[in-house]
2 protein chains.
Amino acid sequence: MKPNFSLRLRIFNLNCWGIPYLSKHRGDRVKRLGDFLNMESFDLALLEEVWSEQDFQYLRQKLLPTYPAAHYFRSGVIGSGLCVFSKHPIQEFTQHVYTLNGYPYMIHHGDWFCGKAVGLLVLHLSGLVLNAYVTHLHAEYNRQKDIYLAHRVAQAWELAQFIHHTSKKADVVLLCGDLNLHPKDLGCRLLKEWTGLHDAYLETRDFKGSEEGCTMVPENCYVNQRELQSFPFGIRIDYVLYKAVSGFYISCKTLRTTTGRDPHSGTPLSDHEALMATLCVRHSPPQHTPSPTHGPAERSQLISVLKEAWAELDLGMAQARWWGTFAGYVIGLGLLLLALLCALAAGEGVREVAIMLWTPSVGLLLGAGAVYLFHVQEAKGLSRARAELQHMLGRAREAHDLDPESQAALFLGQQEGGQI
Amino acid sequence: MKPNFSLRLRIFNLNCWGIPYLSKHRGDRVKRLGDFLNMESFDLALLEEVWSEQDFQYLRQKLLPTYPAAHYFRSGVIGSGLCVFSKHPIQEFTQHVYTLNGYPYMIHHGDWFCGKAVGLLVLHLSGLVLNAYVTHLHAEYNRQKDIYLAHRVAQAWELAQFIHHTSKKADVVLLCGDLNLHPKDLGCRLLKEWTGLHDAYLETRDFKGSEEGCTMVPENCYVNQRELQSFPFGIRIDYVLYKAVSGFYISCKTLRTTTGRDPHSGTPLSDHEALMATLCVRHSPPQHTPSPTHGPAERSQLISVLKEAWAELDLGMAQARWWGTFAGYVIGLGLLLLALLCALAAGEGVREVAIMLWTPSVGLLLGAGAVYLFHVQEAKGLSRARAELQHMLGRAREAHDLDPESQAALFLGQQEGGQI
């Protein structure tokens, strides 16, 4: 690789809102998205919520001349909704399905049936290894009383761990997707602190698009205005995140978003806004110190966010166990009821009623059994993530305690009577 | 690291057969296992089928002085059964739960409820990065008519992919576990060809233990002799596999197995035999060519096993779709039956019978719905693995065609009228 090596990457990300029969003007929007991607000729287009494989196949055919490589990440009952189109050959791909992803009995929310996942593509560009990740985390339906918070935090942790363990030899790491997390939400901070990924919106000096970089804006005619009541400019939940690893330096030259309208005609491409980033990868200048995540201040921040996530998962576990216990009691009651019905059926008086009630009781028992098993595995999943967090917390604390600078800070803090 | 660097690793692996209430003499065996591990003081002990977390906690307490680091991999409803004890600090750990793992309605087999997984530990030993993996794949209940074959092949592929993507910066890779695969089975060949892992039993010059390295032997009093009818020496399904990556060379100095008896007293530690390997890691000698997996012959082998696995997953997909369609028909019939019952209930004649049949019909409908959804996601999971295999097959073929040696072989083959 030449010493003055420089690589420009044009990236596109969009949550396409492609629910068959439910999303408005889906066919027309997919068609216009294809035209737009062909015209713009990005290096990589990463899409979420392409729920229909027919839509993917349509786009694949349409985009073939400009994006010869493409992949659809299949998962769950419905699918992960994730797909990618690349101008460059894809060397390898794989995926990781999140262990926790909502509840099967919340059918109207549907996330559980999607099998939400993170997809990984490995690309070799001018001798540089690029690991590109695309993901979509569990939706947030009620910010005030979010029953999925622990699941989303666990997903953010699994995502961070998957990136951490699979990108150790990559030169550049890119993560795009709909995280369903606001920038200051716990999951978002955890992901950034653990992986060291930078947020294109916060890093770029050349941003054009929606107010505050929001990716769901009230100007978009497909957006449910009630959901944005507390957020006059909208919310930012879709991201382009990146980092360079060994000897490389990456920066975001420009970042554009759509603004609730199609870039050309009047109606938008989706209920989310598209993100378009131009990234530039160069060799690190010799004076550049690429890892600011190892200082004592950064380590403190990491420790604090790991603790917060640990506490959230702990709460989630208590909740899961409560539901498990509740379902256990229902099973007990159901068994008693069944025994009673059998006794009544053996007698004379209310035999018919007893026989009629027998099948619903069995149904109740089976239902409660399924709920019990589900929450037992939920608690196990949360406990697994909590154990990983706890281990990393221990290691971060050890490193923090060993660090001479933080020891000096601790000493000063103690002298000043401060609590560390 | 010194140029004459050398590291000796003593590894222990055992499928512990620790099913609460079902496995014979469990408490006694766990106790004796603890004593044995303490006495032998291995570097790493990797265990499978420790289904009870109490057993793990008991061992943890008992082994604490000799193995200060330990981890239990939680997953599924019952758990993955995997755990590790290490003499050295564990830097990081994570796990990947297999997407496909049998059928929930095969309750008597129970694999689905375990959430079978692969666990990863990262250890730093004298400046060397060791990635140690422990796993347990779906059991084989009927070798002649194996309904889980496609799932086991998909698991072997997921395992291989997980190792491939997470070990890129590791110096040494170690995989131990019960693969439920005989050495020449498709899944085993796929795993070895794709990851380049070597089999300790085949590599070592100093083996002592059971005939042909078998890990389930007829001499073991806990083994069901009927299952070994076709295999007079037993079967080899537990493995120690390893490879060194960058600039290192690894060899298996000695491999020992138990032989159906406890190393000290008469009764065995489990229904499986334990594996005890001494591995030696050194810097590669300069003349050593560490990657024999890239020659045209090896590439041919890889292509052939990828094709075979692709075909097996394809068969599995057809089967999954058949079950999905069958469940779809049952749903249709169930709906018809419900409509008929409603009509009958509205009339006079057989109202009571119609009302009594209503609830079982709803049950049938819900059951068939669950089966339908399960097989849809099964087909998606198999299709995902097949797509990954197909992509790697394409790439291997491209590399094979570009290789001058294989082109010469092709030319010769064509001249001789041979089919390549």
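Fair warning: this is a prediction, and the values are worked out from it, not measured in the lab. (Residues numbered from 1 in each chain as written. Chains lettered and ligands numbered in written order. Predicted model: local features only at pLDDT ≥ 70, side-chain atom pairs only at ≥ 80, totals over all residues. Heavy atoms only, no water.)

A. Seen up close, the overall build of chain A. When its secondary structure is counted, chain A shows nine helices and 13 strands. With respect to the three principal axes, the spread of C-alpha positions in chain A is 95 × 65 × 40 Å. A buried classification covers 54% of the 420 residues belonging to chain A. The long-range fraction of contacts in chain A, counting pairs at least 24 apart against all pairs at least 6 apart in sequence, stands at 74%. Carbon and sulfur atoms make up 58% of the accessible area of chain A, which amounts to about 18800 Å² in all. Averaging the coordinates of the 39 positive side-chain charges in chain A and doing the same for the 41 negative ones gives two points 4 Å apart. (Helix = DSSP H or I, 4+ residues; strand = E, 2+ residues; numbered from the N terminus. Buried < 20%, exposed > 50% of the residue type's maximum accessible area, 1.4 Å probe, protein only. Contact = heavy atoms within 4.5 Å. Areas by Shrake-Rupley, 256 points an atom, 1.4 Å probe, with all protein chains shown as cover. Lys, Arg positive; Asp, Glu negative; His and termini not counted. Charge placed at Lys NZ, Arg CZ, Asp CG, Glu CD.)

B. Just the sheet that holds strand β11 (residues 238-244) of chain A, in detail. Residue and element names in this part refer to chain A. Read from one edge of the open sheet, six strands run β5-β6-β7-β8-β11-β9, paired in mixed fashion. Edge strands, defined here as strands with exactly one partner in the open sheet, are β5 (92-97) and β9 (198-199). As paired strands, strand β6 (residues 117-125) and strand β7 (residues 128-136) are joined by eight bridges and run antiparallel to one another. Residue pairing across strands places G119 opposite V134, the latter belonging to β7. In the packing of helix α5 (residues 186-195) onto the sheet, contacts are made with β8 (172-178), β9 and β11, and the angle to β11 comes to roughly 15°. (Pairing = 2+ DSSP bridges. Axes fitted to C-alpha atoms, helices over the stretch in contact; angles between N-to-C directions.)

C. Inspection of the relation of the copies chain A and chain B at higher detail. Laying chain A over chain B is done by rotating through 180° and shifting 0.0 Å along the axis; what remains is an RMSD of 0.0 Å. Such a combination of rotation and displacement between the chain copies is what one expects of a two-fold axis. Within chain A, the C-alpha atom positioned nearest to the axis of rotation is that of A:T166, 2.3 Å from it. Taken as a fraction of all interface residues of chain A, those also at the interface in chain B reach 100%, which identifies the copy contact as same-surface. (Least-squares fit on C-alpha atoms with pLDDT ≥ 70 in both.)

D. Representation of the packing of helix α7 (residues 296-346) of chain B against helix α8 (residues 351-402) of chain B in the model. Residues and elements named next belong to chain B. At a minimum axis distance of 6 Å, the contact between α7 and α8 shows a crossing angle of 160°. If you check the angle between α7 and α8, you find them roughly antiparallel. Note that α7 runs across α8; the crossing there is left-handed. (Parallel < 35°, antiparallel > 145°, perpendicular 65-115°, else oblique. Left-handed = near helix turned anticlockwise from the far one by under 90°.)

E. Up close: the side chain of A:S251. Residue and element names in this part refer to chain A. Relative to the helices and strands, S251 is located in strand β12 (residues 248-257). The exposure class of S251 is buried, given its relative accessible area of 12%. Residue contacts for S251: discarding those within four places in its chain leaves Y242, T278, L279 and C280.

F. Representation of the interface of chain A and chain B in the model. On the chain B side, the residues contacting the 39 residues of chain A number 39 residues. The contact between chain A and chain B buries some 3700 Å² in all, and 60% of this surface belongs to carbon and sulfur atoms. Our count for the contact surface shared by chain A and chain B stands at two salt bridges. Between A:E92 and B:K168 there is a salt bridge, with its nearest N and O atoms 3.1 Å apart. Here chain A is connected to chain B by 23 residue pairs in polar contact (both at pLDDT 80 or more). Among the elements of the structure, β5, β6, α4 (149-166) and α8 (351-402) of chain A are those that each provide at least two residues to the side of chain A that touches chain B. No other element matches the 16 residues that α8(A) contributes to the side of chain A that touches chain B. (Buried area = accessible area lost by both parts, 1.4 Å probe. Salt bridge = Lys/Arg side-chain N within 4 Å of Asp/Glu carboxyl O. Polar contact = N/O pair within 3.5 Å; in protein donor to acceptor, adjacent residues only side chain to side chain.)

G. View of the sheet that holds strand β2 (residues 44-50) of chain A. Residues and elements named next belong to chain A. Here seven strands make up an open sheet; going across it, the order is β3-β4-β2-β1-β13-β12-β10 and the pairing mixed. Only two strands of the sheet have a single neighbouring strand rather than two, namely β3 (69-72) and β10 (207-208). Bridging between β2 and strand β4 (residues 83-86) involves four bridges; their strand directions are antiparallel. Bridge pairing in β4 places L46 opposite V84. Each of β2, β3 and β4 touches helix α2 (residues 53-63); the most contacted strand, β4, lies at about 0° to it.

H. Quick look at the pattern of salt bridges. Applying the stated criterion across every chain yields a total of 38 salt bridges over all chains. The residue B:D111 makes a salt bridge to B:K116 at a minimum N-O spacing of 2.7 Å. Like B:K116, B:D111 is buried. Through salt bridges with shared partners, a single network forms among A:K31, A:D35 and A:K62.

I. Spatial organisation of the UniProt feature "transmembrane region" (unreviewed entry) in chain A. Per the UniProt record, "transmembrane region" (unreviewed entry) is found at residues 326-347 and 353-374 of chain A. Along residues 353-374 of chain A one finds 100% helix and 0% strand; the C-alpha atoms at either end are 32 Å apart. (UniProt positions renumbered as here; feature names shortened; annotations may be inferred.)

J. Highlighting unusual backbone geometry. Residue and element names in this part refer to chain B. In the Ramachandran plot, S126 falls in the positive-phi region, its phi being about 50° despite a non-glycine side chain. Considering the arrangement of structural elements, one finds S126 in the loop between β6 (117-125) and β7 (128-136). Looking at S126, the relative accessible area reads 49%, which means it is partly exposed. Of note, the phi angle at E212 is positive, near 55°, even though the residue is not glycine. Among the secondary structure elements, E212 is positioned in the loop between β10 (207-208) and β11 (238-244).

K. Main features of the pairing of β12(A). Residue and element names in this part refer to chain A. Among the 10 residues that make up β12, seven are buried, leaving the element largely enclosed by the rest of the structure. Of the pairings in the sheet, the one linking β10 to β12 comprises two bridges and is parallel in character. Looking at the pairing, F207 lines up with L255 of β12. For β12 and strand β13 (residues 275-283), the ladder comprises nine bridges, and the chain directions are antiparallel. Pairing of Y249 across the sheet is with R282, part of β13.

L. Summary view of the state of the cysteines. All names here are of chain B. Counted under the stated rule, the structure contains zero disulfides over all chains. Not part of a disulfide, C252 finds its nearest cysteine sulfur in C280, a span of 10 Å. With a relative accessible area of 7%, C252 lands in the buried category. (Disulfide = S-S within 2.5 Å.)

M. How the structure looks around the pairing of β4(A). Residues and elements named next belong to chain A. Side chains of β4 alternate between two faces, with C83 and F85 and V84 and S86 buried alike. In the sheet, β3 pairs with β4 via four bridges, with the strands oriented antiparallel. Note on β4: the bridge partner recorded for A69 is S86.

N. Main features of a nonpolar patch on the surface. Residues and elements named next belong to chain A. Taken together, the side chains of L337, L340, L344, V350, V353, L357 and L364 make up a nonpolar region of the molecular surface, amounting to roughly 560 Å² of accessible area. Those elements that place two or more of their residues in the nonpolar patch are α7 (296-346) and α8. Its place among the elements puts L337 in helix α7. (Patch = residues over 30% accessible without salt bridge, like charges linked within 9 Å, V, L, I, M, F, W, Y side chains within 5 Å.)

O. View of the environment of A:L44. All names here are of chain A. Here L44 is to be found in strand β2. Along the chain, L44 and K87 lie 43 residues apart, while their C-alpha atoms are 6.4 Å from each other. Excluding residues within four positions of it along the chain, L44 makes contact with R10, I11, F12, F85, S86, L121, L130, A132 and L174.

P. Here's a closer look at the domain arrangement of chain A. Residue and element names in this part refer to chain A. Taken domain by domain, chain A holds domain 1 (6-283) and domain 2 (296-403). Between the C-alpha centres of domain 1 and domain 2 there is a distance of 32 Å. On the side of domain 2, 21 residues touch domain 1, which itself brings 20 residues to the contact. Here domain 1 packs against domain 2, burying approximately 1800 Å² in sum over the two surfaces, 72% of which is carbon and sulfur. Of the charged contacts, one joins R189 and E308 as a salt bridge, the two residues approaching to 2.9 Å between their closest N and O atoms. Our count for the domain 1 to domain 2 interface comes out at seven residue pairs in polar contact (both at pLDDT 80 or more). Of all the secondary-structure elements, those providing two or more residues to the side of domain 1 that touches domain 2 are α4 and α5. Among the elements that make up the side of domain 1 that touches domain 2, the one with the highest residue count is α4 (eight residues). Broken down by class, the residue content of the side of domain 1 that touches domain 2 amounts to 13 nonpolar, four polar and three charged. (Domains from an automatic or database assignment. Nonpolar A, V, L, I, M, F, W, Y, C, P; charged D, E, K, R; others polar.)

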